[in-house]
Amino acid sequence: MTRRRTAAVTVAVAAAVTLGGQAMTAQAAAPPDRVTLSPTATPSTSQTVTWRTATDAPSLVQHEPVAGGGLVTTEGRTTGRAGGSTYHRATLEGLRPGTAYRYRVGDGDTWSSWTEFTTASAAGEPFRFLYFGDVQNDITAGAAPVIRAAYDAVPDAKVAVHAGDLINDADDDGQWGEWFAAQGSRSASVNHVAAIGNHEYDSWDVSGFWNLQFPGTGNGPGDDDLDDTVWYTDYQGVRFVVLNSNYTNAPWFDVHDWMEDQEAWLEDVLADNPNRWTVVAFHQPVFANSSGRTGVVVREYWLDVLEEHDVDLVLQGHDHSYGRGNLRANRVDEHSHTGPVYTVAVTGPKFYDPVTTDWRLGGAEVRAQYGETQTYQVVSVTDDELAYEARTADGTVVDGFTVDRSDGTKVVTDH
């Protein structure tokens, strides 16, 4: 139900304490926190917002164009409880493409701060997005400086892709609080495309926080075990596809169905893709980048589909090192290749030693590889090019390439 409200509500501010990295007051009701933007399947005209409150409360979102045009109040719903808090979700509909909006969430009496987001524009309109590998450990002291450096360096980022293992212990509310504190206000102003990692599982069970915070778009493969973690969205000429490669967390008797269901769904999603660009994100990689690990199961089910549909970027994590490569069969020369680019990255300070073994066993070559290197990645999208850079917190570029489709073909060239 949607209705208009024009009255602003002023909340008295008393002594501040910290809740999940955001301010609350001692005398007034605690304002909502952990406000998060998640894309819908149509992010040019709609937007999903999630948040939490300390107690049960009505679920309301107020939004209006930044340029003016009338305040709208949307009623959301309570979606569950985790960590002693109540979570809420609402989807704003009927938005205008390429338009800046401001919004706040609350219960009618107590509200969050006003925050802005911009809906997706038409395909071909340039934009930038960020890609983070595993954050996972020592979040506040180790990973947060890299995350903040990324947002400071790319203040116009429209999307943040997370390749799983956002935290270390699936249902640890304190670690989720650290993650949100590291994101700061960007959790509420940037669309978050989050792939689930194995550390967001407790054995076979998905974290009780996951779907409350990252609900996806609801267009997954129709499998109850996967729908919350497998989905896609079309954002300004890019089809972002999220898969769940954590087959090690599937029941042993269900691994084949788990991966095969996604394979069939992925085939359909890529075959019916009207976008110029395709980015696929998941956690456990196609080619393992660390010693003692293998991507053989992921390769068995998904590699042929990714190659046949010429996916542009495959963004992964899990191996706590940096690596980039491609199939040897796609090699043009030492500086360029065709076909998909496969990357593995780590944003947090936990490291494993990188090796090329599994890349070679899988028929791939490594073009860049680093150990003990925390990075964030910046991808600049235009109608004809994807320009990618892996950067450290101080802005040093450790890897880069461009995917060029300007002449009707595609070539990937190292910087």
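Everything below is about the structure shown above.
This one's a predicted model, so the numbers in the text were calculated from it and none came from an experiment.

So, how was this worked out
Residues numbered from 1 in each chain as written. Predicted model: local features only at pLDDT ≥ 70, side-chain atom pairs only at ≥ 80, totals over all residues. Heavy atoms only, no water. Helix = DSSP H or I, 4+ residues; strand = E, 2+ residues; numbered from the N terminus. Contact = heavy atoms within 4.5 Å. Polar contact = N/O pair within 3.5 Å; in protein donor to acceptor, adjacent residues only side chain to side chain. Pairing = 2+ DSSP bridges. Axes fitted to C-alpha atoms, helices over the stretch in contact; angles between N-to-C directions. Salt bridge = Lys/Arg side-chain N within 4 Å of Asp/Glu carboxyl O. Buried < 20%, exposed > 50% of the residue type's maximum accessible area, 1.4 Å probe, protein only. Phe/Tyr/Trp six-rings, centres within 6.5 Å; stacked < 30°, edge-to-face > 60°. Lys NZ or Arg CZ within 6 Å of the ring centre and 35° of its normal. Core = buried A, V, L, I, M, F, W, Y, C linked by side-chain atoms within 4.5 Å. Expected span 1.5 Å × (residues − 1). Arc of directions from axis to C-beta. 1 Å grid on protein atoms, 1.4 Å probe; cavity = no way out; pocket = protein on both sides within 12 Å on 5 of 7 lines; lining within 4 Å. Points joined across faces, edges and corners; volume = space filled by probe spheres on them. Nonpolar A, V, L, I, M, F, W, Y, C, P; charged D, E, K, R; others polar.

A.B. asks: Sorry if this is basic, but what is going on with the environment of threonine 91 here?
C.D. replies: Topologically, threonine 91 is positioned in strand E9 (residues 85-92). Separated by 91 residues in sequence, threonine 91 and alanine 182 place their C-alpha atoms 25 Å apart. Excluding residues within four positions of it along the chain, threonine 91 makes contact with Thr40, Ser46, Gln47, Thr48 and Thr74. Among the polar contacts listed, one links the side chain of threonine 91 to the side chain of threonine 48, at a separation of 3.1 Å.

A.B. asks: Explanation requested: the sheet that holds strand E25 (residues 364-370) in the structure shown.
C.D. replies: Consider a sheet: its strands pair through backbone hydrogen bonds, and that pairing is either parallel or antiparallel. Taken in spatial order, the seven strands line up as E17-E18-E19-E20-E24-E21-E25 in an open sheet, and their pairing is mixed. Of all strands in the sheet, those with a lone pairing partner are strand E17 (231-235) and E25, marking the two edges. Going from strand to strand, the sheet's axes swing by 20° on average, the running direction of each strand aside. Pairing of strand E19 (residues 277-281) with strand E20 (residues 313-316), which is carried by three bridges, proceeds in the parallel orientation. Looking across to E20, one finds that valine 280 is bridged to valine 314. Packing against the sheet, helix H4 (residues 255-271) makes contact with E17, strand E18 (238-242) and E19, and its axis sits at approximately 175° to E18. Here helix H5 (residues 296-308) sits on the sheet in contact with E19, E20, strand E21 (322-327) and strand E24 (341-344), set at roughly 130° to E24.

A.B. asks: Before we go on, may I ask you to explain the pattern of salt bridges in this structure?
C.D. replies: Two side chains carrying opposite charge are able to pair once their charged atoms lie near each other. Throughout the structure, instances matching the rule amount to 20 salt bridges. Arginine 128 is paired through a salt bridge with aspartate 156; the nearest N and O atoms lie 2.8 Å apart. With arginine 128 in strand E12 (residues 127-132) and aspartate 156 in the loop between helix H1 (139-153) and strand E13 (159-162), this residue pair connects regions lying 28 residues apart in the sequence. Look at arginine 128 and you get partly exposed, because its relative accessible area is 23%. Residue classification places aspartate 156 among the partly exposed positions, given a relative accessible area of 38%. For arginine 276, the salt bridge identified is with aspartate 384, shortest N-O distance 3.0 Å. Linking arginine 276 in the loop between H4 and E19 with aspartate 384 in the loop between strand E26 (376-381) and strand E27 (385-391), this pair joins segments that are 108 residues apart in sequence. Take aspartate 384: its relative accessible area is 31%, and that puts it in the partly exposed class. Taken together, the shared-partner salt bridges in this structure form one network comprising Arg324, Arg331, Glu365, Arg367, Asp399 and Asp414.

A.B. asks: Would you take a moment to explain the packing of aromatic side chains for this structure?
C.D. replies: Two measures describe an aromatic ring pair: the distance that separates the ring centres and the angle between the ring planes. For the coordinates displayed, the defined rule picks out 23 aromatic pairs. Between tryptophan 176 and tryptophan 179 the ring centres are 6.4 Å apart and the planes differ by 75°, which places this aromatic pair in the edge-to-face class. Here tryptophan 176 pairs with tryptophan 179, and both are found in helix H2 (residues 173-183), just three residues apart, close to one helical turn. The residues tryptophan 176 and tryptophan 179 share a single accessibility class, namely buried. Where tryptophan 179 meets phenylalanine 180, the ring centres are 5.0 Å apart and the plane angle is 85°; that geometry is what we call edge-to-face. Comparing tryptophan 179 with phenylalanine 180, the two get one shared label, buried. Above the plane of the ring of tryptophan 111 lies arginine 104, whose end atom (NZ or CZ) is 4.5 Å from the centre.

A.B. asks: Please explain the nonpolar core as it appears in this structure.
C.D. replies: The tendency in soluble globular proteins is for nonpolar side chains to be buried as a group. Of all hydrophobic cores here, the largest spans 62 residues; its most connected members are Leu130, Trp176, Val241, Leu243 and Leu306. The element contributing the most residues to this core is H1, with eight residues. Counting 32 residues, the second-largest nonpolar core is a separate cluster that includes Val238, Phe240, Leu386 and Ala390.

A.B. asks: I would appreciate a short explanation of H4 in the present structure.
C.D. replies: An α-helical segment advances 3.6 residues per turn. Residues three or four places apart therefore align on the same side. With 17 residues, H4 extends 24 Å from end C-alpha to end C-alpha; this agrees with the ideal 24 Å at 1.5 Å per step. Of the residues making up H4, those classed as buried are Trp258, Met259, Gln262, Trp265, Leu266, Val269 and Leu270. Down the axis of H4, the buried side of the element spans an arc of 130°, and every buried residue falls inside it. In H4, the exposed positions angled more than 90 degrees off the buried face are occupied by Asp268 and Ala271. Looking at the packing, one finds that the buried side of H4 touches strand E15 (201-202), E17, E18, E19 and H5.

A.B. asks: For this particular structure, what's the right way to read H2?
C.D. replies: Every buried residue of H2 is listed here: Gln175, Trp176, Gly177, Trp179, Phe180, Ala182 and Gln183. On its buried face, H2 sits against strand E4 (33-38), H1, E13, strand E14 (191-194) and helix H3 (210-213). Capping of H2 at its N-terminal end is provided by aspartate 172; its side-chain oxygen lies 2.9 Å from the backbone amide nitrogen of glycine 174.

A.B. asks: Explain the layout of surface pockets to me, please; I cannot follow it from the model alone.
C.D. replies: The gaps of empty space that remain are located by a probe, the size of a water molecule, rolled over the atoms. For the second largest pocket, the calculated volume is near 240 Å³. Contributing to the lining of the second largest pocket are 21 residues, with His63, Val72, Thr74, Glu93 and Leu95 lying nearest its centre. Elements with a minimum of two residues in the lining of the second largest pocket: strand E6 (60-65), strand E7 (72-75) and E9. Looking at the lining of the second largest pocket, the element that brings in the most residues is E9, giving four residues. Across the lining of the second largest pocket, the residue classes tally to seven nonpolar, eight polar and six charged.

A.B. asks: How should I be thinking about unusual backbone geometry in this particular structure?
C.D. replies: Note: most peptide bonds trans; most residues except glycine with negative phi. For glutamine 136, which is not glycine, the phi dihedral falls at a positive 55°. Looking at where glutamine 136 falls in the secondary structure, it is placed in the loop between E12 and H1. Backbone geometry at glutamine 236 places phi at a positive 55°, although glycine is not the residue there. Mapped onto the fold, glutamine 236 is located in the loop between E17 and E18. The exposure class assigned to glutamine 236 is buried, which follows from its relative accessible area of 8%.

Geometric descriptors of this kind do not, in isolation, establish any biological role.
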